[in-house]
Amino acid sequence: MEPILYYGAPHGCAFGTIVALEWLCRPYRLLRLELPGQPNPMLQTEGRVMRDCREILRHLASRRRYLLGYRSGTVDHARLERLIDTMHEEFQGGEARLAAICAHLDAQLADREWLDGNKRTVADACLVAAVRWAERDAGLELGRYPRLQQYVAELHGDPAVFFADAIETRRPAVTSGRFRGHLSLDEVDLPLAA
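Note that the structure is a prediction, hence the values are computed from the model and not measured.

**Remarks on the pairing of strand β2 (residues 28-32)**
- Sheet analysis places strand β1 (residues 4-7) next to β2, joined by 4 bridges and oriented parallel. Among the inter-strand pairings, Ile4 is bridged to a residue of β2, identified as Arg29.

Written out as structure tokens, the structure is:
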């Protein structure tokens, strides 16, 4: 069976996961999960359930011959791991840490096509989700960081990002990847929180 992403909270980590799943162009399904206290996103795949957003992104980075990541043990892989961890920690670390990471990313994007520096990765999907959340819930004024603002605007023009936004806001959505539709709770064996 294809992977199932359980998602719920809008403007959260699941947004970036949906973007990454679209970029991978592999079959997957979604299940909107609105159960209080149930962690999400969760990815059920290959007989296991991942409940941590970073774990899910790392898993996706290793798919399709590392299309959105790098082989474990390489310098590029280590750099991507640090980038994902840093974004997760700093975007949620309060106003000063949010400003510092945005300034850092703004400077970093001055001479790069992609956040990672080499290619599109799960970090780009993570970034678009983190910025959406921070603008809505943490008071981020993206206009203070012009290169970051431009980069995020370019990502918002990507069909996968448009698709993820339509999914979260429950608008009609056309996949650019291999989305196989939504499932209902009746159709799955729900992996409740451990």
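**Some details on the state of the cysteines**
- Per the stated rule, a full pass over the model turns up 1 disulfide.
- Cys13 shares a disulfide with Cys53; S-S distance 1.3 Å. Looking down the S-S bond of the Cys13 and Cys53 bridge, the torsion is -60°, so its handedness is left-handed. In this pair, Cys13 is assigned in helix α1 (residues 13-24) and Cys53 in helix α2 (residues 53-61), connecting sequence segments 40 residues apart.
- Overall, Cys53 belongs to the buried group, its relative accessible area being 9%.
- In this structure Cys25 is a free cysteine whose sulfur lies 20 Å from that of Cys53, the closest cysteine sulfur available.
- The closest cysteine sulfur to the non-disulfide-bonded Cys102 is located on Cys126, 12 Å from its own sulfur.

About the cut-offs
- Residues numbered from 1 in each chain as written.
- Predicted model: local features only at pLDDT ≥ 70, side-chain atom pairs only at ≥ 80, totals over all residues.
- Heavy atoms only, no water.
- Pairing = 2+ DSSP bridges.
- Helix = DSSP H or I, 4+ residues; strand = E, 2+ residues; numbered from the N terminus.
- Disulfide = S-S within 2.5 Å.
- Buried < 20%, exposed > 50% of the residue type's maximum accessible area, 1.4 Å probe, protein only.

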